[in-house]
Amino acid sequence: MSEEANLREQICMMAKSLYDRGLTAGSSGNISARLSDGRLLVTPTGSSFGRLDPARLSLFDDKERLIGGDKPTKEMPLHAAFYETRPKKTGAVVHLHSSHSVALSILPGVDVDNMLPPLTAYSIMKLGKVKLLPYFMPGDPAMGDAIRGLAGKRSAVMLAAHGPVVSAKDLEAAVYAIEELEETAKLAILTRGANPSLLTEAQIADLIRTYDVEWD
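For every chain, the first residue of the written sequence is number 1, and numbering continues from 1 onward in sequence order. This being a predicted model, a pLDDT of at least 70 is required before a residue's local features are given, and a value of 80 or more before pairs of side-chain atoms are given or counted; all residues contribute to the totals for chains, interfaces and linings. With hydrogens and water excluded, all non-hydrogen atoms of the structure serve as input to the side-chain values.

In the annotation of an unreviewed UniProt entry, the protein chain is listed under the name 3-oxo-tetronate 4-phosphate decarboxylase and assigned to Rhizobium miluonense. The annotation that UniProt attaches to the protein chain under Cofactor (unreviewed entry) is "Zn(2+)". UniProt positions are given in the numbering used here, feature names are shortened, and annotations may be inferred rather than shown by experiment. Per UniProt, the protein chain carries the Sequence similarities (unreviewed entry) text "Belongs to the aldolase class II family. AraD/FucA subfamily."

Have a look at this one:
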């Protein structure tokens with residue numbers, strides 16, 4: 001199987017897994033992944049993660065021009081911004097409308113610079129700091145501008161009242177990271193107001209040093 005055919009199958013398999021576990025619903029969410037020659041495969045607009053057709057994924061050339069497949073997701077500005085600002089670290093981008101992440105984004109008292117409290121080691125290891133961005137209308141190119149404004153310093157952001165966006169070196173890593181984001185958001189809501197024991201600054205520093213975590 002060619003690299004392109006394999007990646008098409010992988011995108012559809014990963015997307016269905018996310019859909020089947022309730023991490024996205026209806027036609028929400030989108031995924032992109034880069035081939036070794038710089039081309040991008042992207043989930044089409046209006047498509048359900050539970051019923052993607054590998055042959056109909058949108059295909060972009062290395063200049064971000066659509067060259068095949070169905071019309072792409074309207075959230076392409078989100079994806080393009082990560083590939084442009086983190087070119088050596090981004091091989092895939094995943095965007096979901098997962099419930100707990102969205103719920104946390106609209107609650108009062110959330111730290112916009114680092115929206116996830118340090119409840120577990122894995123959220124720090126896989127995500128670093130997650131920036132909470134303001135609300136944008138779906139498809140608004142300003143979302144991409146907001147990510148570009150971070151100058152490549154964050155691998156994950158949360159769009160208020162919309163959903164998380166995570167970039168990583170490859171598709172599997174991006175999916176694992178966004179799953180960790182959703183699980184940590186769930187823990188944050190479950191423990192909200194209960195004065196949970198958070199990781200200490202020393203413990204966080206040890207994780208950052210040991211696992212080479214981006215932490216600005």
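**A word on the nonpolar core**
Counting 40 residues, the largest nonpolar core has I11, V94, M115, L116, L127, V130 and L171 as its most contacted members. Note on conventions: DSSP H or I runs of at least 4 residues are helices, E runs of at least 2 residues are strands, and numbering of each starts at the N terminus. The set of elements that each furnish at least two residues to this core consists of α1 (3-20), β1 (30-34), β5 (92-95), α3 (99-105), β7 (156-159), β8 (163-168) and α6 (171-190). Residue contributions to this core peak at 8 residues, all from α6. Note on definitions: a residue-residue contact is assigned when non-hydrogen atoms from the two residues lie within 4.5 Å. If we skip the residues at most four places from it in the chain, V94 touches L18, N30, I31, P164, V165, V166, L171, A174, V175 and I178. Core analysis: the next-biggest nonpolar cluster, separate from the first, contains 18 residues, L40, V42, M76 and V93 among them. Remark: nonpolar core denotes a set of buried residues (Ala, Val, Leu, Ile, Met, Phe, Trp, Tyr, Cys) joined through side-chain atoms within 4.5 Å. Buried residues are those whose accessible area, probed at 1.4 Å on protein chains only, stays under 20% of the maximum for their type, while exposed residues exceed 50% and partly exposed ones sit between those limits.

**Comments concerning the pattern of salt bridges**
Only one rule defines a salt bridge in this text: a Lys or Arg side-chain nitrogen within 4 Å of an Asp or Glu carboxyl oxygen. On inspection of all chains with the given rule, the structure shows 17 salt bridges. Among the salt bridges present, the one from K16 reaches D20, with a minimum N-O distance of 2.7 Å. Here K16 and its partner D20 are both found in helix α1, 4 residues apart, which amounts to about one turn of the helix. A relative accessible area of 38% places K16 in the partly exposed class. The shortest N-O distance in the salt bridge between K131 and D113 comes to 3.8 Å. One end of the pair, K131, is in strand β6 (residues 131-133); the other, D113, is in the loop between α3 and α4 (121-127), with 18 residues separating them in the sequence. Taking relative accessible area as the criterion, D113 reaches 28% and is therefore assigned partly exposed. A cluster of three or more residues bridged by salt bridges with shared partners is formed by D113, K129, K131, R154 and D216.

**Digging into unusual backbone geometry**
For E64, which is not glycine, the phi torsion reads 65 degrees and is therefore positive. Looking at where E64 falls in the secondary structure, it is placed in the loop between β3 (58-60) and β4 (66-68). Residue classification places E64 among the partly exposed positions, given a relative accessible area of 29%. With a phi angle near 55 degrees, A151 is a residue other than glycine that sits in the positive phi range. Given a relative accessible area of 54%, A151 falls into the exposed group.

**Describing the sheet that holds β7**
Taken together, the 8 strands give an open sheet; going across it, the order is β4-β3-β2-β1-β5-β8-β7-β6, and neighbouring strands pair in mixed fashion. The open sheet has two edge strands with one neighbour each: β4 and β6. Each neighbouring strand pair of the sheet contributes to a mean axis angle of 20 degrees, computed without reference to strand direction. We call two strands paired when DSSP finds no fewer than two bridges between them. Pairing geometry for β1 and strand β2 (residues 40-42), over 3 bridges, is antiparallel. Looking at the pairing, S32 lines up with V42 of β2. On the sheet, α1 packs against β1, β2, β3 and β5 and is oriented at approximately 155 degrees with respect to β1. Of the strands in this sheet, β1, β5, β7 and β8 touch α6, which is tilted by about 145 degrees from β8. Helix axes use the C-alpha atoms of the stretch in contact, all axes being lines fitted to C-alpha atoms, and the angles between their N-to-C directions lie in the range 0 to 180 degrees.

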